[in-house]
Structures are given as C-alpha cells and as structure tokens.
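Letter by letter, the chains look like this.
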Amino acid sequence: MAVRVGFIGTGLIATSHMENLAAMDGVHIAALCDVSLAAAQRAQGRFGGAIYADHREMLARERLDAVYVCIPPFAHSGQELDVLEAGAALFVEKPVTLDLELGRRIALEIERRQAVACCGYHWRYADTTQRLRELLDKEAVIQVLGRWLGGIWMAPWWKSKELSGGQLVEQVTHLFDLARYLVGEIDLVTAFATRGHVKDIEGYTLDDASVVNVRFAQGAVGNFAATCLLSRGLGAELTVIARDFAATCTTNQLRVVEPERTVEYPARAAALRLEDEAFIEAVRSGDCSKLLSPYGDALQTVAVTLAAEASLGQGGQLHRVGRWDFAPA
Ligand SMILES: NC(=O)c1ccc[n+]([C@@H]2O[C@H](COP(=O)([O-])OP(=O)(O)OC[C@H]3O[C@@H](n4cnc5c(N)ncnc54)[C@H](O)[C@@H]3O)[C@@H](O)[C@H]2O)c1
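Next up on the list: the site of the ligand. In the vicinity of the ligand lie 25 residues, with Gly9, Gly11, Ala39, Ala75 and Glu93 positioned nearest. For the shell around the ligand, the element with the most residues is helix 1 (residues 12-22), which contributes 3 residues. Looking at the shell around the ligand, its residues break down into 14 nonpolar, 7 polar and 4 charged.

Judged by nonpolar contacts, the single largest core of 92 residues is most densely connected at Val69 and Tyr295. In terms of residues, this core owes the most to one element, helix 11 (residues 295-313), which gives 10 residues. Shared between two domains, this core holds at least three residues of each, these being domain 1 (3-120 + 272-291) and domain 2 (123-268 + 303-320). Apart from the residues lying within four places of it in its own chain, the contact partners of valine 69 are Ile8, Gly9, Gln79, Glu80, Val83, Leu90, Phe91, Val92 and Glu93.

With that settled, the discussion passes to the sheet that holds strand 2 (residues 27-33). One key point about sheets: their strands pair by backbone hydrogen bonds, in either a parallel or an antiparallel sense. Spatially, 6 strands are ordered 3-2-1-4-5-6 in an open sheet, and the strand pairing comes out parallel. The open sheet terminates on both sides in strands that have one partner only, identified here as strand 3 (50-52) and strand 6 (117-119). Each strand axis lies, on average, 20 degrees off the axis of its neighbour in the sheet, ignoring direction. Across the face of the sheet, helix 10 (residues 271-285) comes into contact with strand 1 (3-8), strand 2, strand 4 (66-69), strand 5 (89-92) and strand 6 while running at roughly 125 degrees to strand 1.

Let us look at the environment of alanine 23. Topologically, alanine 23 is positioned in the loop between helix 1 and strand 2. Residue classification places alanine 23 among the exposed positions, given that 11 C-beta atoms sit within 10 Å.

Interfaces are often sized by the accessible area lost when the parts come together. Here the protein chain is partitioned into domain 1 (3-120 + 272-291) and domain 2 (123-268 + 303-320). Computed from C-alpha atoms alone, the centre-to-centre distance between domain 1 and domain 2 is 26 Å. Opposite the 12 residues of domain 1 that make contact, domain 2 presents 12 residues. Split by residue class, the side of domain 1 that touches domain 2 holds 9 nonpolar, 1 polar and 2 charged.

Along strand 1, 5 of the 6 residues are buried, which leaves the element largely enclosed by surrounding structure. Between the parallel pair strand 1 and strand 2, the chain is carried across by helix 1, and the sense of this crossover is right-handed. As judged from the 4 bridges shared by strand 1 and strand 4, these two strands associate in the parallel manner. Bridge pairing links valine 5 to alanine 66 in strand 4.

Close contact between helix 5 (residues 100-113) and helix 11 brings their axes to 9 Å; oriented N to C, the two are set at 165 degrees. Considered as vectors, helix 5 and helix 11 are oriented roughly antiparallel to each other. At the point where helix 5 passes helix 11, the crossing takes the left-handed sense. Facing Leu100, Gly103, Arg104, Ile106, Ala107 and Ile110 of helix 5, the residues of helix 11 in contact are Tyr295, Gly296, Leu299, Val302, Ala303 and Leu306. Partitioning the contact of helix 5 with helix 11 into residue classes produces 9 nonpolar, 2 polar and 1 charged.

On to the sheet that holds strand 13 (residues 253-258), then. Pairing is mixed in the open sheet, where 9 strands are placed in the order 14-13-12-11-7-10-9-8-15. Both outer strands of the open sheet, strand 14 (261-266) and strand 15 (319-320), are each paired with one neighbouring strand and no more. Against the sheet, helix 9 (residues 173-183) touches strand 7 (143-149), strand 8 (186-194), strand 9 (209-216), strand 10 (221-227) and strand 11 (235-242), its axis set at about 25 degrees to strand 11. Most of the contacts of helix 11 go to strand 8, to which it runs at about 45 degrees, and overall it touches strand 8, strand 9 and strand 15.

Let us look at the pairing of strand 11. Alignment of strand 7 against strand 11, held across 7 bridges, turns out to be antiparallel. Considered in strand 11, the bridge of glutamine 143 is made with isoleucine 241. Pairing geometry for strand 11 and strand 12 (residues 245-249), over 5 bridges, is antiparallel. Opposite leucine 238, over in strand 12, you have cysteine 249 as the bridge partner. Where strand 11 hands over to strand 12, the hairpin turn is made up of 2 residues, of which aspartate 244 adopts a positive phi near 60 degrees.

Take the environment of cysteine 119 next. With respect to the helices, strands and loops of the structure, cysteine 119 is situated in strand 6. Using a count of 28 C-beta atoms within 10 Å as the deciding quantity, one classes cysteine 119 as buried. Separated by 28 residues in sequence, cysteine 119 and phenylalanine 91 have C-alpha atoms that sit 5.5 Å apart. Filtering out sequence-adjacent residues up to four positions away, cysteine 119 remains in contact with Val92, Lys94, Val96, Ser293, Tyr295 and Ala298.

Moving on: helix 6 (residues 127-136). Owing to its 3.6 residues per turn, the α-helix brings residues three or four apart onto one side. Turning to helix 6, its buried residues are Thr128, Thr129 and Leu132. Looking down the long axis of helix 6, one finds its buried residues gathered within 100 degrees of arc, a one-sided arrangement. Away from the buried face of helix 6 by more than 90 degrees, exposed residues Arg133 and Glu134 are located. Those residues of helix 6 that are buried are in contact with helix 9, strand 12, strand 13 and strand 14.

Definitions and limits used
- Residues numbered from 1 in each chain as written.
- Predicted model: local features only at pLDDT ≥ 70, side-chain atom pairs only at ≥ 80, totals over all residues.
- Near = placed C-beta within 6 Å.
- Helix = DSSP H or I, 4+ residues; strand = E, 2+ residues; numbered from the N terminus.
- Nonpolar A, V, L, I, M, F, W, Y, C, P; charged D, E, K, R; others polar.
- Core = buried A, V, L, I, M, F, W, Y, C linked by C-beta atoms within 7 Å.
- Buried ≥ 20, exposed ≤ 12 C-beta atoms within 10 Å, placed from the backbone.
- Domains from an automatic or database assignment.
- Contact = placed C-beta atoms within 7 Å.
- Pairing = 2+ DSSP bridges.
- Axes fitted to C-alpha atoms, helices over the stretch in contact; angles between N-to-C directions.
- Right-handed = clockwise from strand over helix to strand, strands pointing away.
- Parallel < 35°, antiparallel > 145°, perpendicular 65-115°, else oblique.
- Left-handed = near helix turned anticlockwise from the far one by under 90°.
- Arc of directions from axis to C-beta.

Given below as structure tokens:
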C-alpha cells in the first residue's frame, strides 16, 4: 500500500520535499494544509492532494501515515502534538521551534509513543558528511569554523527576527547542527552582532552580521560567522581542524587537506533526497535507526542558537547551553 503523506505548510521547502516524494514509488501526497490558499493550490496543481486551511481538520479527515511540518519558525504552536495524536509519523523542518518548553513537550511525546519522527537537518545525510564522520573517528578535533555568508532569504517572514528567530537560529542552525553531529556538544557560547546597515527593506529587523565563539564539551573551540548582506553570497561551509588534518564541507562537496595530499569528494546525491528516502523507509518499516536527526537532538541545536542570540542581545555575555536533548526517565 502506498504511504499516504500530508503537509502542514506547503511553501518553498515543502515543495522540495514534495518533488522528492513524487519521484518515489509507493508514496502518495494525499493532503495539503496551508493558511494561504494560494500556497496550497500551487502545491496541489503540481502534486495533487486535498486542500485544508486547518491542520486539525486535515488530520481528522485523512488517514495519513506521515506528516511533514514545514511552517515558519514563529508558527509552531503544537501542530506536532496533533500529528502524533493522529498516529502519523512526524517530519519537522528546522528550526523545530523557537520555544524550548514546547519543544520539550513534543520530544517527550515522541518518546512516550515511540513514534517515527525526525527533523530537517539534511546536511547530516550527505554521503560527504558520513565520509567525514568516518575520517574523524581517528582524529581529535581541535577547532571548528563555520561560515554562512549569504543574502536575505526570499520567504516573507525571514527578514523579521521576531518571526524567523534571526539568521543564526533559522539558517546558520545547519552549521551548528553539523558541528554538533561531527564533534559533539557545544557547552559555552558568546556572540556579537552588528545591525543598522539595511535601511531600504521594510520590516527588516535582522542583525546584518554576527560572530559566535563556542566551546565544545570535548575541548575544541569554534567560531561561526554569518551575514545576510550579500545578494551574491559566498555560500555556507564548515571547516574542521585536527592535528595535521583540515576538512571543509558544503552540502555538495568535502575537501580534506593533509600534509601529503588534498582529496576532494563530490557528494553523490542531494542530501535532501537522502533524508526524504530515509524518512519514508522508516515510516514503512517502523525502524528509526537510519534517521539521523531525532527531534530531541534537533531541539538541542535550537538551544545552542538561542543561547547565541541571547548572548549577542547582551553584548557578548557568556552563556552556558542547557541540555534539552535528554530522554525522559
Ligand atoms: N532544510 C532546509 O534546508 C530548509 C530550507 C528552507 C526552509 N527550511 C525551513 O522550513 C520552514 C519553512 O520555510 P519555507 O522557506 O518553506 O517558508 P515558506 O514561507 O515558503 O512556507 C511556509 C508555509 O507555511 C504556511 N504556514 C504558516 N503558518 C501555518 C500554519 N499554522 N498552518 C499551515 N501552514 C502555515 C505559510 O502560509 C507558507 O506557505 C522554516 O522553518 C525554514 O527554516 C528548511
């Protein structure tokens, strides 16, 4: 039987997931919920599915095996709990929430139900990331450098820090998450930002550029730098340094520099597709072992980025990152 999938939020990233699902055998995009009828109709025109304005009505009327939650950061109000209550598997795009307490309730509910659930940190699924994880088995990481040097993302809510959470929380979150996946927990954070250079875009309340220094629990130090001022961006990458070993990854390439050689590994497949395939496979089998971004773990990445936001709001005050990823007793 086909896996019946529903969407809450049918905008930009939802469309990318739908493209992947539509290319898979035995997957049916059955239902689309969006508060914007135009967005839902656009998706329906390409992928089919019944349209709803209210996710509760969608969950009540449709028999869904899995639901993707692809709404903006500010819009999470517990839709995930409703999906779990309906008995469907849950996919939540990053950042999974701006409210850590709500996130903890969702993580506990996933745990209680032993539900199939995962989050949209797709960099983890790149074969290049997996290759780097293997290489780092033999290395003690000493330093991590993340760079996200881009422009203002096109979604209308993105330029408002109140709605998106800001560039660190909404976007650079991928690099913080990848760093955690490769190196381990971040326990200390301090950050600075500058703003006020964008006066021509209405509703823009973001920092123009920011830098975050972190310490990993295993002792490594890290720095993450971001800007959204570049309409022609320089891209996003993470560099990991060990003794006589440096590796830089983007979503489509890994470059490893050692004393005797430099090796470049191009990614063999789009990480977002690998993520969707792993999720659908888990929905079919009930086996979550190939899901690389569990909800509680994704929540811990939110905690790191919210600590960075808090620090830059307080002129660089040092923040110890609390733990939000533990399983309940
Ligand atoms: N994994 C990635 O690389 C990646 C890339 C882009 C976006 N995202 C994430 O995906 C999420 C959505 O981003 P986007 O770029 O698709 O935004 P978008 O604005 O294009 O789409 C979001 C859609 O959600 C709808 N929506 C808002 N509140 C809703 C609600 N309560 N119920 C139903 N629909 C609702 C909006 O009308 C909109 O159509 C964000 O959290 C973003 O960070 C992830």
